[in-house]
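Next come the chains, spelled out residue by residue.
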Amino acid sequence: MDFSSKVRDIIDFPKPGIVFKDITPLLQDPCAFQTAIDMIADRHVSEKIDAIVAVESRGFIIGSALAYKLGCSLVVARKAGKLPYENIGVKYMLEYGEDELQIHVDALLPGQKVLIADDLLATGGTIEATAKLVEKLGANVVEAVFLIELLGLGGRSRIADVPCFSLMQFSV
């Protein structure tokens, strides 16, 4: 399936000079969305994945579908101040400043096998922070999975110790 035909470019969003990769056309096509999730999940169906850690916010869409398909728990990695229970956080650098991701302190157990799920890999900062959260709780990142990878932004090299899989790759 040509997944790239289901991704729409939005010019100058969220700010001038950015070409936003909009996955909503893929999500609106039941066959494309199901096939995308199946292709990612099939990579891990033979191993026991304990949890999907989904990154705010579009990662929640991908992560919840994967958790359902793989029969494992869903853990949400959210921006600071969004979780209601005791949590741990990791700060990370963005192109334009600093941000923080958090997860609940009881979200993962030591030794659990985890997939990190997000819609897109760009510079890798968010995934690097998410992997650190997983490691802080003693769990193990098996792989980070994405619908889209933007080549040329250094994301994969920034998280070189985390195996990655993406359905689509685009040049920047």
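Residues numbered from 1 in each chain as written. Predicted model: local features only at pLDDT ≥ 70, side-chain atom pairs only at ≥ 80, totals over all residues. Heavy atoms only, no water.

1. Details of the side chain of Asp 118
For the record, the criterion: The numbering of helices and of strands both runs from the N terminus, where a helix is a DSSP run of H or I of at least 4 residues and a strand a run of E of at least 2. For every residue, the accessible area (1.4 Å probe, protein chains only) is compared with the maximum for its type, and the residue is labelled buried under 20%, exposed over 50%, or partly exposed between those bounds. Counting rule applied: Lys, Arg positive; Asp, Glu negative; His and chain ends not counted. Salt bridge, as used here, is a side-chain nitrogen of Lys or Arg placed within 4 Å of a carboxyl oxygen of Asp or Glu. Polar contact is defined as a pair of N or O atoms within 3.5 Å, subject to the rule that within protein one atom must be able to donate a hydrogen and the other to accept it, and that residues adjacent in sequence are counted only when both atoms are side-chain atoms. By definition, residues are in contact when any of their heavy atoms lie within 4.5 Å.
You can see Asp 118 is positioned in strand E7 (residues 113-121). Within the buried core, Asp 118 has no salt-bridge partner, and the shortest N-O distance to an opposite charge, that of Arg 58, equals 6.2 Å. There is a polar contact of 3.4 Å between the side chain of Asp 118 and the backbone nitrogen of Gly 59. Filtering out sequence-adjacent residues up to four positions away, Asp 118 remains in contact with Val 55, Arg 58, Gly 59, Ile 62, Thr 126, Ile 127, Val 145, Phe 146 and Leu 147.

2. Focus: the sheet that holds strand E5 (residues 87-94)
Note the threshold: Here the rule is simple: two strands pair whenever DSSP picks up at least two bridges between them. Where helices are involved, their axes are fitted lines through C-alpha atoms of the stretch in contact, as for all axes, and angles between N-to-C directions lie from 0 to 180°.
As summarised here, the arrangement of the seven strands in space is E5-E6-E4-E3-E7-E8-E9, forming an open sheet in which the pairing is mixed. Sheet topology places E5 and strand E9 (164-171) at the edges, where each strand pairs with a single neighbour. When strand polarity is set aside, the average angle formed by the axes of neighbouring strands in this sheet is 20°. Taken together, the seven bridges between strand E8 (residues 140-151) and E9 define a ladder with parallel strand orientation. Considered in E9, the bridge of Glu 149 is made with Gln 169. Along the sheet face, helix H4 (residues 125-136) touches strand E3 (51-55), strand E4 (73-79), E5, strand E6 (97-104), E7 and E8 and points at about 155° away from the line of E5.

3. Some details on the side chain of Gln 112
Examined against the element boundaries, Gln 112 turns out to sit in the loop between E6 and E7. There is a polar contact of 2.8 Å between the side chain of Gln 112 and the backbone nitrogen of Leu 109. Setting aside its immediate chain neighbours within four residues, Gln 112 contacts Asp 50, Ala 107, Ala 139 and Asn 140.

4. Comments concerning the environment of Gln 169
Structurally, Gln 169 can be placed in strand E9. Taking the C-alpha atoms as reference points, Gln 169 and Ser 4, 165 residues apart in sequence, are found 8.5 Å from one another. The residues touching Gln 169, leaving out its near neighbours within four places in the chain, are Glu 149 and Leu 151. One polar contact links Gln 169 to Ser 166, side chain to side chain, over a distance of 2.7 Å.

5. What about the packing of helix H2 (residues 30-42) against helix H3 (residues 58-70)?
Stated formally: Left-handed describes a crossing whose near helix is turned anticlockwise from the far helix through less than a right angle; right-handed describes the clockwise counterpart.
Contact pair H2 / H3: the axes reach a minimum separation of 10 Å and the direction vectors enclose 65°. The interaxial crossing formed by H2 with H3 has right-handed handedness. Across the interface between the two elements, Phe 33, Ile 37, Asp 38, Ile 40 and Ala 41 from H2 touch Ile 61, Ile 62, Ala 65, Leu 66, Lys 69 and Leu 70 from H3.

6. Details of the environment of Gly 59
Mapped onto the elements of the fold, Gly 59 is located in helix H3. Residues within four places of Gly 59 in sequence aside, it is in contact with Ala 54, Ala 117, Asp 118 and Asp 119.

By themselves, these are just geometric observations and shouldn't be taken as functional.
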